[in-house]
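# Tertiary structure, described
Below are the chains, spelled out letter by letter.
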Amino acid sequence: MAYPNIYAVTYSYSGFQQAQGNNAFPGTQLDADLQGLRSSVSSLALFTQSVLRSDGALNNGSVTYDSLAPALQTAGLAPAVAWITPAAYLVGNSVTINSNLYRCLIPHTSGVFATDLAAGKWVLVAALQAGPQGVQGAPGTNGTNGTNGTNGTNGTPQAQPVFNVTMAPYSAKGDYSYKADIAMASGPTTAGSAGGWAVGDVGKYIIVAGAGSSGGNLVTTIAAYTDSTHVVLANANASGGAISAKNAEYGTDDAAAIQSAVTAAVAAGGGVVYLPAGKTFLVSRLNLTNIGVSLTLAGEGPNSSHITPLSVASYGTATGHVIDMTGSLFVRLEDFQLGAYNTLPTATTGIFLAQVAAGQSNRIRLKNVYVSGKFSAAAIYNYGVPSSDCYGCDFYNYSLGAGQHVASVFTATNLLTLSSSFATVATGTLPTSDWSFYDTEWHRFPGAGADNSVCVWDGTSNINVYGGVVSGGATAYHFYYGTVAHMGFFGVTHETESEPVIPLYGHYKVSGTVSDHGDVQSSYILSGGGGTFNGTPTTTAVVTRAF
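What you see is a predicted model; the values in this text were computed from it and never measured. (Residues numbered from 1 in each chain as written. Predicted model: local features only at pLDDT ≥ 70, side-chain atom pairs only at ≥ 80, totals over all residues. Heavy atoms only, no water.)

Let us now look at the environment of G187. Relative to the helices and strands, G187 is located in the loop between β8 (177-184) and β9 (190-192). The exposure class assigned to G187 is partly exposed, which follows from its relative accessible area of 40%. Placed 54 residues apart in sequence, G187 and G241 show a C-alpha to C-alpha distance of 7.4 Å. The residues touching G187, leaving out its near neighbours within four places in the chain, are A236 and N237. (Helix = DSSP H or I, 4+ residues; strand = E, 2+ residues; numbered from the N terminus. Buried < 20%, exposed > 50% of the residue type's maximum accessible area, 1.4 Å probe, protein only. Contact = heavy atoms within 4.5 Å.)

What the four strands build is an open sheet, ordered β1-β3-β4-β6; its pairing is mixed. Strand pairing shows two members of the sheet lacking a second neighbour, β1 (81-82) and β6 (122-127), which therefore form its edges. Here strand β4 (residues 100-104) runs beside β6; their pairing, made up of five bridges, is antiparallel. Counterpart to R103 in the pairing with β6 is V123. (Pairing = 2+ DSSP bridges.)

Another aspect to go through is unusual backbone geometry. The phi torsion of most residues other than glycine is negative, and most of the peptide bonds are trans. Each neighbour pair has its own omega, and for T85 with P86 the value is -5°, a cis peptide bond. Relative to the elements of secondary structure, P86 occurs in the loop between β1 and β2 (88-89). Each neighbour pair has its own omega, and for A168 with P169 the value is 10°, a cis peptide bond. Topologically, P169 is positioned in the loop between β7 (162-164) and β8. The backbone phi angle of A245 is positive, close to 50°, even though this residue is not glycine. Position of A245 relative to the elements: it lies in strand β13 (residues 243-251). With a phi close to 55°, D516 is a non-glycine residue in the positive phi region. The topology assignment puts D516 in strand β35 (residues 513-520).

Looking now at the pattern of salt bridges. On inspection of all chains with the given rule, the structure shows five salt bridges. K121 is paired through a salt bridge with D116; the nearest N and O atoms lie 3.8 Å apart. Residue K121 is classed as partly exposed on the basis of its relative accessible area, which comes to 21%. Under the relative-accessibility criterion, D116 is labelled buried at 5%. Measuring nitrogen to oxygen at the nearest pair gives 3.5 Å for the salt bridge that ties K204 to D175. Residue K204 is found in the loop between β9 and β10 (205-208), and its partner D175 is found in the loop between β7 and β8; the two are separated by 29 residues along the sequence. Classification of K204 by relative accessible area gives buried; the value is 11%. (Salt bridge = Lys/Arg side-chain N within 4 Å of Asp/Glu carboxyl O.)

For the protein, the mean per-residue pLDDT works out to 83, and 82% of the residues sit at or above 70. In the predicted structure, residues 313-318 sits below a pLDDT of 50 and forms 19 contacts with residues beyond four places in sequence or in another chain. Overall, residues 527-547 carries pLDDT values under 50, and its contacts beyond four positions in sequence, including any with other chains, amount to 45 contacts. (pLDDT = per-residue confidence, 0-100.)

Take the nonpolar core next. Core analysis: the largest hydrophobic core is formed by 59 residues, its most contacted members being L297, I323 and L333. Those residues in contact with I323 that sit more than four places away from it in its chain are L286, L288, L297, L333, F336, L338, G350, I351 and F352. Ranked by size, the runner-up nonpolar core spans 17 residues in total, among them A354, V425, L430 and Y481. (Core = buried A, V, L, I, M, F, W, Y, C linked by side-chain atoms within 4.5 Å.)

Next comes the structure, spelled out in structure tokens:
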């Protein structure tokens, strides 16, 4: 605040009186001077109030650091600063910390404040009170956005547990072997070959073609090892004569070991039952029935992982299915071969699908599975299991003789009245529908006269076949029974290959009705020359015409 102005009187009243005598009084001039004096007195009063309180003491804050004498400043009345560490402090230095004002009593270098305070190096001067909130300033300009951070990597999906059938505690052997030169005298139990027998073969199953009753297959075990060219079987040659150059398959029945892995996978809530590459597992039959979890029986591809059916007594009945999937859902078969061209046993089916009374079985997937053998019914048989699919599979049936032993049977009525040893198969007419086949092959060999067809469709609906091959058969490529509807074939090749008999029909309706049948860009190729068939379900023989 500036010093008050001292008013100076500018008018001489005594001079006026001497000059004028008893003339009029100078009131205007007097008022002006009195007003000037009043302003000076008011300024003095305000100035005094800015320095002194009403009790005569100096106003708070009126004495500042620069008002002090230099000697007093040197004595230690320095302005307070925020305490820091480490820092060198002198006597009289003032600091603020935790809203308190402290004065230094002992020269020191700061460490921990609480420790220095306890050591008497500081004295509390006053607890500072926060002043009133000032007016908020105008918002500053926004800073530039920082660069975006890198995206995090996706989490790894939780993989299904894998149950390797060759690992403990399952320990499947996968030791299947094949010989094509077995010789046995009439009656004895000794079987000879050019070589390759081992002590470890004792106890294995063996199936010898032509050594059974009436020249059938002899199914027995290896009882003893003689040398590398001879073993003793548990049963003798029962054909009634000597045999030579006969096929034989032998190995450990791994059905129980693989079944244990399946049981463990189901107990775990699902998983992959794994068939390692380079192994061929001799299997009597596998129970994959009534499974309701996501389970996959998988190998490393048809050329690497194999299952070969073992002929046992039950294979002479309707329960002889190598893989029985009755009543299951969410089960997959992937990347392995079941059977082979030289398979000796005659199972009823390779893969058996059937519905149970509860009607839960569906959502089956077959992918890259090669089924081949001599099946008395079909390589694949499906009764009442809908809403499933098949990718890149092959179904071969080499069974001889007349009868409905075909590549596949899809039936709504259980056409061959097949049952299961592990589950109760439903009865009646069931919806066998909504299947899709992609690049699937069906083959029926040999086709000399006695065979009926390649594929049987009984009461099916909503079946779509995309690509693939249908070959063999003496009567027809496709047989239809009952009410069949919505059958679509798209780019499918039908051919006789090297079969000696040309099928009479492309599509043969045995009974019932066939409706909404489509055959788009499919071909019908005969071994004797090129030809085509119009694709309409009919009882008319295949008609060929030149391309």
